[in-house]
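# Examining the three-dimensional arrangement
Letter by letter, the chains look like this.
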Amino acid sequence: MKALVISGGGSKGSFAGGIADYLIREKGKKYDLFVGASTGSLLSPMLACDNVELAKQVYTTITPQDIFTLNPYKIVRKKGVDYVRMAHWNIIRSFWRGNKTFGSSKKLRKTIAKNFTVDDYNKVKELNRQIIVSVSNLSHQTTEFKTTKKESYDDFCDWIWASANFLPFMSLVKKNGMEYGDGGFGNNIPVQAAIDAGAKEVDVIILDPIETLTNTLPSVNAFDLTMKVFDFLMTQNNRNKLELADLRPRNREVKINRYFTPTLLTENSLIFNKKQMTLWWEQGKQFAERVSPKVAIIKPDEEE
């Protein structure tokens, strides 16, 4: 069984889409399993039902209007650079409506259903493929993995939405009496989920460089500072979740092919710039064509 795993990374998902585009349409790779966290959970369903061109269209045209019912931030462009500013009135409106988050991303749930239909869901099953997404259960403080093999169409769309909701800026998903948020908080690179599902070879796309050497600009407001804190935590999570020594294959060897980004693509992955995302998609394709993945063979413990 071959698996494609895509990490979280917001707008950087367009770069991952470019890599996946090359692997699927140029190299002709066939995957039985698609696993994603956050933006990876949004890409995986379209890739799993062979809608690569649709994935490209979505990730090169999407805007905050396709995601937010109440957008908690606004983009200010100065001297060719995009800066994030808090949208104070929308934040006040969100709290006034009884939300526990700064913004509301209910439009994203509709966007998911628009681009991953019941027919697509059934096609994935007919092709004997599987999609797995990670979600963070805030009530139990655990990470959960939801699969098309066990979830209905409507429930699975809810889980995709939950996995992609970057808290506290997007909606808190309440389901089965519990609260859920971004899958990347608990497991941003869910390679172990692919191994546990039976994968013998895994292509994993990590939307960060191997080493992050950057000196970011000083924080300009509370929103900017919060984003930097979360980016730091997510980067550490990425490193911790892909420690090869900690992966646990059972009774078989597993080949891991890792694709890292060549540079730090952005300091704020909530900025959805169509021109930039279109460029990232093409850069992802070109990068995958010219660069070999970092390969590792993970062996089971001898005791097993």
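Up top is the structure.
Scope of this entry: the structure provided in the associated data block. (Residues numbered from 1 in each chain as written. Predicted model: local features only at pLDDT ≥ 70, side-chain atom pairs only at ≥ 80, totals over all residues. Heavy atoms only, no water.)

Moving on, we come to the overall build of the protein. Per the secondary structure count, the protein includes 11 helices and 11 strands. When the 304 residues of the protein are sorted by exposure, 55% land in the buried category. Across the protein, every contact between residues at least 6 apart in sequence was considered, and the portion connecting residues at least 24 apart equals 77%. Surface exposure of the protein reaches about 14,500 Å², of which carbon and sulfur atoms provide 50%. (Helix = DSSP H or I, 4+ residues; strand = E, 2+ residues; numbered from the N terminus. Buried < 20%, exposed > 50% of the residue type's maximum accessible area, 1.4 Å probe, protein only. Contact = heavy atoms within 4.5 Å. Areas by Shrake-Rupley, 256 points an atom, 1.4 Å probe, with all protein chains shown as cover.)

Tracing the chain through its elements places Thr148 in the loop between strand E6 (142-147) and helix H7 (153-164). Excluding anything up to four places from it in sequence, Thr148 contacts Tyr121, Val124, Lys125, Arg129, Gln130, Ile131 and Phe156.

This paragraph deals with unusual backbone geometry. Here Leu167 and Pro168 are connected by a cis peptide whose omega angle stands at 5°. Tracing the chain through its elements places Pro168 in the loop between H7 and strand E7 (173-175). Here the phi dihedral of Gln141 falls at roughly 60°; this positive angle occurs in a residue that is not glycine. Within the secondary structure, Gln141 is located in the loop between strand E5 (130-137) and E6. Phi is positive for Asn176, which is not a glycine, with a value near 55°.

A separate point is the packing of helix H1 (residues 13-26) against helix H3 (residues 52-61). At a closest axis distance of 10 Å, the pairing of H1 and H3 adopts a crossing angle of 160°. By the angle between their axes, H1 is roughly antiparallel relative to H3. The handedness of the crossing between H1 and H3 is left-handed. Counted together, Gly13, Ser14, Asp21, Ile24 and Arg25 of H1 and Val52, Glu53 and Tyr59 of H3 form the full contact between these two elements. Across the contact of H1 with H3, the residue classes break down as three nonpolar, two polar and three charged. (Axes fitted to C-alpha atoms, helices over the stretch in contact; angles between N-to-C directions. Parallel < 35°, antiparallel > 145°, perpendicular 65-115°, else oblique. Left-handed = near helix turned anticlockwise from the far one by under 90°. Nonpolar A, V, L, I, M, F, W, Y, C, P; charged D, E, K, R; others polar.)

With that settled, consider the packing of H3 against helix H11 (residues 274-290). Direction vectors running N to C along H3 and H11 enclose 145°, while the axes themselves pass 7 Å from each other. Contact residues: Val52, Ala55, Lys56, Tyr59, Thr60 and Thr61 in H3; Lys274, Met277, Thr278, Trp281 and Glu282 in H11. Grouping the constituent residues of the contact of H3 with H11 by class yields five nonpolar, three polar and three charged.

This next bit is on the pattern of salt bridges. Overall, the coordinates contain 13 salt bridges when judged by the stated rule. Ionic pairing is found between Glu201 and Lys29, a salt bridge with its closest N-O pair at 3.9 Å. A residue pair is termed long-range when its members are at least 10 positions apart, and Glu201 in strand E9 (residues 201-206) and Lys29 in the loop between H1 and strand E2 (33-37) qualify at 172 residues. Residue Glu201 shares its accessibility class with Lys29, and that shared class is buried. Glu144 is the salt-bridge partner of Lys146, the closest N and O atoms lying 2.8 Å from each other. The exposure class assigned to Lys146 is buried, which follows from its relative accessible area of 12%. Among the ionic contacts, a cluster of salt bridges with common partners joins Arg109, Asp155, Asp158 and Lys175. (Salt bridge = Lys/Arg side-chain N within 4 Å of Asp/Glu carboxyl O.)

Moving on: the nonpolar core. Leu4, Ile19, Leu47, Phe116 and Ile205 are the most contacted members of the largest nonpolar core, which has 59 residues in total. Ranked by the residues each element gives to this core, the list is headed by H7, at eight residues. Not counting the four nearest positions on each side in its chain, Ile19 is found in contact with Ile205, Tyr259, Gly284, Lys285, Phe287 and Ala288. Membership of the second largest hydrophobic core comes to 20 residues, among which are Val35, Ala193, Val202 and Ile206. (Core = buried A, V, L, I, M, F, W, Y, C linked by side-chain atoms within 4.5 Å.)

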